[in-house]
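Here's the letter readout for the chains.
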Amino acid sequence: MNDQALKLLLTRASVGPKYLIEPGPDDAALAAMTEAALHAPDHAALVPFRFKVVRGEARRSMAALFAAAARRAGKDESGIAMDEERALRPPVTVAVVARLDLGHPQVPAHEQWACVGGALTNFLNAAQALGFGGKMLSGAKARDPGLIAAFCEPGETLLGWIAMGTPSSSDKPPKARPPKSGADSALQFWPG
């Protein structure tokens, strides 16, 4: 049994952007995370996901897009500034994009969505294994037409962004997760 791998899975926790510092993942780390994502179950090897990396000066362009989206959403100057900060603070941000083949003759959409979720999970687990923290952020911004146009090609779906970097308090153990409501029914034996 690989106790270390199991411990990693059982202790994975999101690390918010305000707790992320340099360095962010470099090209080799991002490639390793993507390779882990490619090991998600993927019927017919469709790879129905894309990870689009934003770092360096590109963060300023993304901040301008976030500000424009905040204005379209009717946010005040404080809300606009907060959204800009969300783009600028993490050392690396990774847009998560789904690219489903809705007309595939063998692989229905729900199987492709399962692959996207598995890929995202593997990506985040690999990030933690490499010493990085991250948090998936979505919400209304992921449905904003301007942001969708900036990150997606026709037919793609923007799921959101992973804020990534080095956790600022790596010596502090992750907070214990409270029990999830409904967790007692997550494992069932059939027929029941």
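As a reminder, the structure under discussion sits directly above these lines.
Source: prediction; values computed, not measured.

Engineer: How would you explain the overall build of the protein if you had to name every residue and give the values?
Structural biologist: Counting secondary structure elements, the protein contains six helices and five strands. Counting from the amino terminus, helix and strand elements in the protein follow one another as α-β-α-β-α-α-β-α-β-α-β. Taking 2.2 N^0.38 as the reference for a compact globule, 192 residues should give roughly 16 Å; the C-alpha atoms of the protein span a radius of gyration of 18 Å, in line with that estimate. With the C-alpha coordinates of the protein rotated into their principal frame, the extents come out at 55 × 50 × 35 Å.

Engineer: Quick rundown of the side chain of Arg 12? Include the residues and the values.
Structural biologist: Among the secondary structure elements, Arg 12 is positioned in the loop between helix H1 (3-11) and strand E1 (20-21). A relative accessible area of 18% places Arg 12 in the buried class. In contact with Arg 12, other than residues within four places in its own chain, are Leu 124, Asn 125, Gln 128, Gly 134 and Arg 177.

Engineer: Report on the packing of helix H2 (residues 27-37) against helix H5 (residues 109-129), specifying residues and quantitative values.
Structural biologist: Between H2 and H5, the shortest axis-to-axis distance is 7 Å and the interhelical angle comes to 140°. In terms of axis orientation, H2 runs oblique to H5. Pair H2 / H5 crosses with right-handed handedness. Across the interface between the two elements, Leu 30, Met 33, Thr 34, Ala 36 and Ala 37 of H2 pack against Ala 119, Asn 122, Phe 123, Ala 126 and Ala 127 of H5. Split by residue class, the contact of H2 with H5 holds eight nonpolar, two polar and no charged.

Engineer: Mind laying out the pattern of salt bridges, listing which residues take part and the relevant values?
Structural biologist: Inspection of the entire model under this criterion finds 10 salt bridges. Ionic pairing is found between Asp 83 and Lys 75, a salt bridge with its closest N-O pair at 2.9 Å. Taking relative accessible area as the criterion, Asp 83 reaches 1% and is therefore assigned buried. Lys 141 is the partner of Asp 83 in a salt bridge, and the nearest nitrogen-oxygen pair spans 3.6 Å. Here Asp 83, found in helix H4 (residues 77-88), pairs with Lys 141, found in the loop between strand E4 (133-137) and helix H6 (145-151); they are 58 residues apart in sequence, far enough to count as distant. An identical accessibility class is assigned to Asp 83 and Lys 141; each is buried.

Engineer: Describe in detail the nonpolar core, supporting the description with residues and values.
Structural biologist: Counting 23 residues, the largest nonpolar core has Met 33, Phe 49, Phe 51, Val 94, Phe 123, Ile 162 and Met 164 as its most contacted members. Those elements giving two or more residues to this core turn out to be H2, strand E2 (49-55), strand E3 (92-98), H5 and strand E5 (157-167). Looking at this core, the element that brings in the most residues is H5, giving eight residues. Excluding its chain neighbours within four sequence positions, the residues that come into contact with Phe 49 are Ala 37, Leu 38, Val 97, Ala 98, Arg 99, Cys 115, Val 116 and Ala 119. Formed by 14 residues, the second largest nonpolar core is a distinct cluster that contains Ala 63, Ala 95, Leu 147 and Trp 161.

Scoring rules and cut-offs
Residues numbered from 1 in each chain as written. Predicted model: local features only at pLDDT ≥ 70, side-chain atom pairs only at ≥ 80, totals over all residues. Heavy atoms only, no water. Helix = DSSP H or I, 4+ residues; strand = E, 2+ residues; numbered from the N terminus. Rg over C-alpha atoms; globule rule 2.2 N^0.38 Å. Buried < 20%, exposed > 50% of the residue type's maximum accessible area, 1.4 Å probe, protein only. Contact = heavy atoms within 4.5 Å. Axes fitted to C-alpha atoms, helices over the stretch in contact; angles between N-to-C directions. Parallel < 35°, antiparallel > 145°, perpendicular 65-115°, else oblique. Left-handed = near helix turned anticlockwise from the far one by under 90°. Nonpolar A, V, L, I, M, F, W, Y, C, P; charged D, E, K, R; others polar. Salt bridge = Lys/Arg side-chain N within 4 Å of Asp/Glu carboxyl O. Core = buried A, V, L, I, M, F, W, Y, C linked by side-chain atoms within 4.5 Å.

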